Amino acid sequence: MAPKKPIKTIPKPEPRPEQKSERKDKKQTTKSNNVGLGKKLMNFIADERTRFIVGIAVLISVVFLLISFISYFFFAYIDQSKMDLSWHELQLIRSDIQNWGSVLGAVLADSLIRHGFGIASFAMLYFGTVFGLRLMKVRIASLWKAFFHASFWLVWLSVMLGYVLIPFYNDYTFSFSPGGEQGDETSKWLISYVGMSGTLMILIGTFLIYAIASWKATIPFLKRIFSRKSKDAQIAEPEFYINNELDEPTVAVGTEIIPEDWIVKGNENDEELIIETNEIDEVPFEIEQPEENEESKAVDAEDSGITDNDNEDPFYNVAKLGKYDPTLDLSHYNPPTLDLLKVYGTDNETQIDMVEQNANKDRIIKTLQNYGIEIETIKATVGPTITLYEIVPKAGVRISKIRNLEYDIMLSLAATGIRIIAPIPGKGTIGIEVPNIDPQVVSMHSIIASKKFQESKFELPVAFGRTITNEIFMLDLTKMPHLLIAGATGQGKSVGLNAIITSLLYKKHPSQLKLVLVDPKKVEFNIYGDIEKHFLAKLPDGEDAIITDTSKVVETLNSLTKEMDDRYDLLKKAHVRNLKEYNEKFTIRHLNPDKGHRFLPYIVVIVDEFGDLIMTAGKEVEMPIARIAQLARAVGIHMVIATQRPSVNIITGVIKANFPARVAFKVSSMIDSRTILDSPGANQLVGRGDMLFSQGNDLIRVQCAFVDTPEVENIVHHISKQQAYPTAFYLPEYTRPEGDGIDSSSVDMTKRDPLFEEAAHLIVANQQGSTSLIQRKFSIGYNRAGRIVDQLEVAGIIGPFEGSKARQVLVMDDYHLQQILKHL
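What you see is a predicted model; the values in this text were computed from it and never measured. (Residues numbered from 1 in each chain as written. Predicted model: local features only at pLDDT ≥ 70, side-chain atom pairs only at ≥ 80, totals over all residues. Heavy atoms only, no water.)

A. Broad picture of the nonpolar core. In this structure, Phe 464, Leu 483 and Tyr 528 are the most contacted members of the largest nonpolar core, which totals 109 residues. Top contributing element to this core by residue count: helix H21 (residues 550-574), with 8 residues. When near neighbours in sequence (up to four residues on either side) are disregarded, Tyr 528 contacts Asn 498, Ile 501, Leu 505, Leu 517, Leu 536, Ile 546, Val 712 and Val 716. Counting 23 residues, the second-largest nonpolar core is a separate cluster that includes Val 747, Ile 763, Ile 797 and Val 811. (Core = buried A, V, L, I, M, F, W, Y, C linked by side-chain atoms within 4.5 Å. Buried < 20%, exposed > 50% of the residue type's maximum accessible area, 1.4 Å probe, protein only. Helix = DSSP H or I, 4+ residues; strand = E, 2+ residues; numbered from the N terminus. Contact = heavy atoms within 4.5 Å.)

B. Highlighting helix H27 (residues 709-720). Given a rise of 1.5 Å per residue, 12 residues ought to cover 16 Å, and the 16 Å separating the end C-alpha atoms of H27 matches this to within 8%. Burial in H27 covers these residues: Glu 711, Val 712, Ile 715, Val 716, His 718 and Ile 719. Relative to the axis of H27, the buried residues are bounded by an arc of 160 degrees and lie together on one face. Lining the buried residues of H27 we find helix H19 (493-507) and helix H20 (532-535). (Expected span 1.5 Å × (residues − 1). Arc of directions from axis to C-beta.)

C. Fine view of the pattern of salt bridges. In the structure shown here, the tally under the stated rule is 19 salt bridges. Here Lys 521 and Asp 608 are joined by a salt bridge, their closest N and O atoms 3.6 Å apart. With Lys 521 in the loop between strand E8 (513-518) and H20 and Asp 608 in the loop between strand E10 (602-607) and helix H23 (610-617), this residue pair connects regions lying 87 residues apart in the sequence. When its relative accessible area of 1% is taken as the criterion, Asp 608 is described as buried. Here Lys 552 ties to Glu 555 by a salt bridge, and the two come within 4.0 Å at their closest N and O atoms. Linking Lys 552 with Glu 555, this pair stays in helix H21, spanning 3 residues, or about one helical turn. The network of salt bridges with shared partners includes Arg 419, Glu 433, Asp 690 and Arg 701. (Salt bridge = Lys/Arg side-chain N within 4 Å of Asp/Glu carboxyl O.)

D. Local environment of the packing of aromatic side chains. In total, this model carries 21 aromatic pairs according to the counting rule given. Look at Tyr 324 and Phe 586: their rings are 5.2 Å apart centre to centre, the planes differ by 85 degrees, and that puts the pair in the edge-to-face class. Taken together, the residues span a long stretch of sequence, with Tyr 324 in the loop between helix H13 (318-321) and helix H14 (354-370) and Phe 586 in helix H22 (residues 579-587) at a distance of 262 residues. We classify Tyr 324 as partly exposed; its relative accessible area is 28%. Take Phe 586: its relative accessible area is 7%, and that puts it in the buried class. (Phe/Tyr/Trp six-rings, centres within 6.5 Å; stacked < 30°, edge-to-face > 60°.)

E. Local environment of empty space enclosed by the protein. Per the stated rule, a full pass over the model turns up 2 cavities of 30 Å³ or more. Every residue along the wall of the second largest cavity is listed here: Pro 384, Thr 385, Ile 386, Arg 466, Thr 467, Ile 468, Asp 690, Arg 701, Val 702 and Gln 703. Looking at the lining of the second largest cavity, the elements that each hand over two or more residues are strand E5 (461-467) and strand E14 (699-704). With 3 residues, the top contributor of residues to the lining of the second largest cavity is E14. Residues belonging to the lining of the second largest cavity are distributed by class as follows: 4 nonpolar, 3 polar and 3 charged. (1 Å grid on protein atoms, 1.4 Å probe; cavity = no way out; pocket = protein on both sides within 12 Å on 5 of 7 lines; lining within 4 Å. Points joined across faces, edges and corners; volume = space filled by probe spheres on them. Nonpolar A, V, L, I, M, F, W, Y, C, P; charged D, E, K, R; others polar.)

F. Local environment of H21. Between its first and last C-alpha, H21 extends 36 Å over 25 residues, near the 36 Å set by a 1.5 Å rise per residue. Trailing H21 by a residue or two, His 575 shows a phi angle of about 60 degrees, which is positive.

G. Looking closely at unusual backbone geometry. The peptide bond linking Ala 422 to Pro 423 adopts the cis configuration, its omega dihedral lying at -10 degrees. Along the chain, the position of Pro 423 falls in the loop between strand E3 (419-421) and strand E4 (430-435). In this structure, the amide linkage connecting Met 480 to the following residue, Pro 481, adopts the cis form with an omega of -5 degrees. Among the secondary structure elements, Pro 481 is positioned in the loop between strand E6 (472-476) and strand E7 (483-486). The backbone phi angle of Asn 470 is positive, close to 65 degrees, even though this residue is not glycine. The residue Asn 470 is located in the loop between E5 and E6 in this model. Its identity is not glycine, yet Gln 767 carries a phi of approximately 55 degrees, on the positive side. For Gln 767, the position within the fold is in the loop between helix H28 (756-766) and helix H29 (771-778).

H. Spotlight on the packing of H28 against H29. At a closest axis distance of 11 Å, the pairing of H28 and H29 adopts a crossing angle of 120 degrees. Classified by the angle between their axes, H28 and H29 sit oblique to one another. Here H28 runs over H29; the crossing is right-handed. Where H28 approaches H29, its residues Glu 758, Ala 759, Leu 762, Ile 763 and Asn 766 are matched on the opposing element by Leu 773, Ile 774, Lys 777 and Phe 778. (Axes fitted to C-alpha atoms, helices over the stretch in contact; angles between N-to-C directions. Parallel < 35°, antiparallel > 145°, perpendicular 65-115°, else oblique. Left-handed = near helix turned anticlockwise from the far one by under 90°.)

I. How the structure looks around the pairing of E4. With 6 of 6 residues buried, E4 is to be regarded as a mostly interior element. Burial along E4 is two-sided: Ile 430, Ile 432 and Val 434 facing one way and Gly 431, Glu 433 and Pro 435 facing the other are all buried. Of the pairings in the sheet, the one linking strand E2 (residues 386-393) to E4 comprises 6 bridges and is antiparallel in character. What sits directly across from Ile 386, in E4, is Pro 435. Bridge analysis of E3 against E4 gives 3 bridges, and the strand direction is antiparallel. Following the sheet pairing, Ile 420 is matched in E4 by Ile 432. (Pairing = 2+ DSSP bridges.)

J. Representation of a nonpolar patch on the surface in the model. A contiguous nonpolar patch, built from Val 63, Leu 66, Ile 67, Ile 70, Phe 73, Phe 74, Trp 100 and Ile 119 and spanning about 700 Å² of accessible area, is present on the exposed surface. Looking at where Phe 74 falls in the secondary structure, it is placed in helix H2 (residues 48-79). (Patch = residues over 30% accessible without salt bridge, like charges linked within 9 Å, V, L, I, M, F, W, Y side chains within 5 Å. Areas by Shrake-Rupley, 256 points an atom, 1.4 Å probe, with all protein chains shown as cover.)

K. Representation of the environment of Ser 669 within the structure. Along the polypeptide, Ser 669 turns up in the loop between strand E12 (661-664) and helix H26 (670-677). For the pair Ser 669 and Asn 683, spaced 14 residues apart in sequence, the C-alpha to C-alpha distance is 5.5 Å.

L. Expanded view of the packing of H21 against H22. As a packed pair, H21 and H22 sit with axes 10 Å apart at the nearest point and diverge in direction by 60 degrees. With respect to H22, the element H21 is oriented oblique. Like other packed secondary-structure pairs, H21 and H22 cross with a definite hand, here left-handed. In this structure, H21 contributes Arg 567, Leu 570, Leu 571 and Ala 574 to the contact, and H22 contributes Leu 579, Tyr 582 and Lys 585. Grouping the amino acids of the contact of H21 with H22 by side-chain chemistry returns 5 nonpolar, no polar and 2 charged.

M. Spotlight on the environment of Leu 504. If you trace the backbone, Leu 504 turns up in helix H19. Not counting residues within four places of it along the chain, the set of residues in contact with Leu 504 comprises Leu 460, Pro 461, Val 462, Leu 513, Leu 515 and Val 604.

N. View of the sheet that holds E4. Strand order in the open sheet made by the 4 strands is E1-E2-E4-E3, with antiparallel pairing throughout. The open sheet has two edge strands, strand E1 (375-382) and E3, and neither has a second partner. Across the sheet, the mean angle from the axis of one strand to that of its neighbour is 20 degrees, orientation sign disregarded.

O. Geometry of the sheet that holds E7. If you trace the 9 strands from one edge of the open sheet to the other, you get E6-E5-E14-E13-E12-E7-E11-E10-E8, paired in mixed fashion. Of all strands in the sheet, those bounded by a partner on one side alone are E6 and E8. Along the sheet, successive strands turn relative to each other by an average axial angle of 30 degrees, direction set aside.

Set out below in structure tokens:
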């Protein structure tokens, strides 16, 4: 047998390079087509028109189901016999279907109501309505809350109806079970395991859990129910009730320990509490004092005005008279209402333009890739004016490299200005803030009407606007405790000041707050003149409560320093540390008004153009402002100053040191931004209320709320037409000192300078009492010129020293000067 020849394997010819490239191109084309198709599909789904069309379709479906459900109650007994037929057979007899939704409506209603959840199926229509409107960008409720409520009622009501109607299961007058087959079967299953009573407890327990999770008023309501039961039990056992109350230290009337619940509750609850306490405390409350310290305590009480013995002076017995209420003088005062503020169309939520966001995202990624910077993730947070893009670069990318591309990114986005935060504190990402093409107005109405502002417990709430995350940004002025505002002309400073004043007027009673308004421009705050007797404070001899004259500004600021010192004296006598503790002690009648004690309102000083005051008055304005800023926090005096010239000669080191809270609107240069905030950023804002807030190291970007002049006029008119105090709140009277004049006995007029008479003629001729003028004209040193000026002051030719101003010349002509020189 011949051996088999080996089979030769012919190797496959290798593809030519042209064929390889063609296959590669085909794969890439297929891949790119798949990617492009997916991207197009996502863009189609995210398109606003698509969502709107789907929303309309959902709402039409909801209306169709509603009509079918309602008609099912009337025609179920007629159509029910036909529901077991196939779909093809139903189409043949569709003219016999009585349901208003015809064959489809009858089938859906029968499936959901009879075979499903019964009457509870209507809950699905509620969720469908919310979902459809949400797709159309109309928000009537939260989508997740609507789903939660609809799901609960769909299941719970179905089971509840099945449980209730089980004893009458054979006596139904309807053609279907009100709880549906699902509700009947579930209730039977529960009863088989836990019985009728156990099933009832499960139903009640789940409903209570749902109510607690859904409504905040549920827990107080349950507390009131149990408290009424406990009161009934206590009335049945009076001895046990009294013993328990005597053991509770916080119920003792007249003590300084007050439960927080007493303070938070309204007037009606407070009255109930006082009546209830009088019933309990049948024995008058007395403070037992050791006999050896009675004399010293009596002396201290007389000096400080603190009343300790309620039996001797019944006026201060809080158990008999109740707490002092400072608002009783204007008990019918009504704060401004929300309808006084303008409502804008975008008050509810920020409108998001997905086309703009996706385009900006792609441009940022492309720009960074052009410079060799790869990123892992990017996400956008859309605010009313600014969108924050947070990017996470890949490992090994220097942050400084991204920071240096600021102008390149701004060029690719065609933006008016961007701001790079590298890195964002506490997040580990790099932020790029880009202005929106269509910025939205943040109205004051949306801020005041917000739950955060309405439920705020701040002493002096100041609502600025909304952050990038669309959250309400508000602070307590007492915690700042003073505020410095700066920015270029027309960037929103005056609107910001009006927003601060509006916040305070909406939240405080006239007895709790007084405003000192300084307006060198004379046109910004004059609109508030009509509420002078409600909220404004002024000097006793002041004609207008809005201070516009520089000399009156100096007097008012010095008067405020005197008010500050007087308040500190009152705090010292009352043995308290701040205004809040003092007013609480005065409210519970521990301080005697006959000893000078009084209820102290907060005083907020608002200066619109601080730079003009520094230019005209200099140190005379800066020093009292510095004193108030350093010391007045504890006595309830707070300052808000604004300037459009954020230069170092206006915002000095003394001012910056005492104003830790600062707001910067758009400025023209980085130097001005560093002057205000000690960091750049304010020069990159977009204007029109865009601002940065700083109270330490972090900067918070906020879109300031817009309050227009007609809105302020409405608020002022609403307040001014109500009952007011007889006069404005008077500050302590301030007497200007005669000046830092020198002692005439320290100057020997017999040893006058040889240039004395020539200097006198020079001063009178020029009508300018200046030391530098004498130096220049006679080419002498400062010390000698100063001695000549002192001699001229003692001789009565010039007035005393007046700070940065030139001395006043008291002699008008040479004739009177010669008469003075003859008598020397």
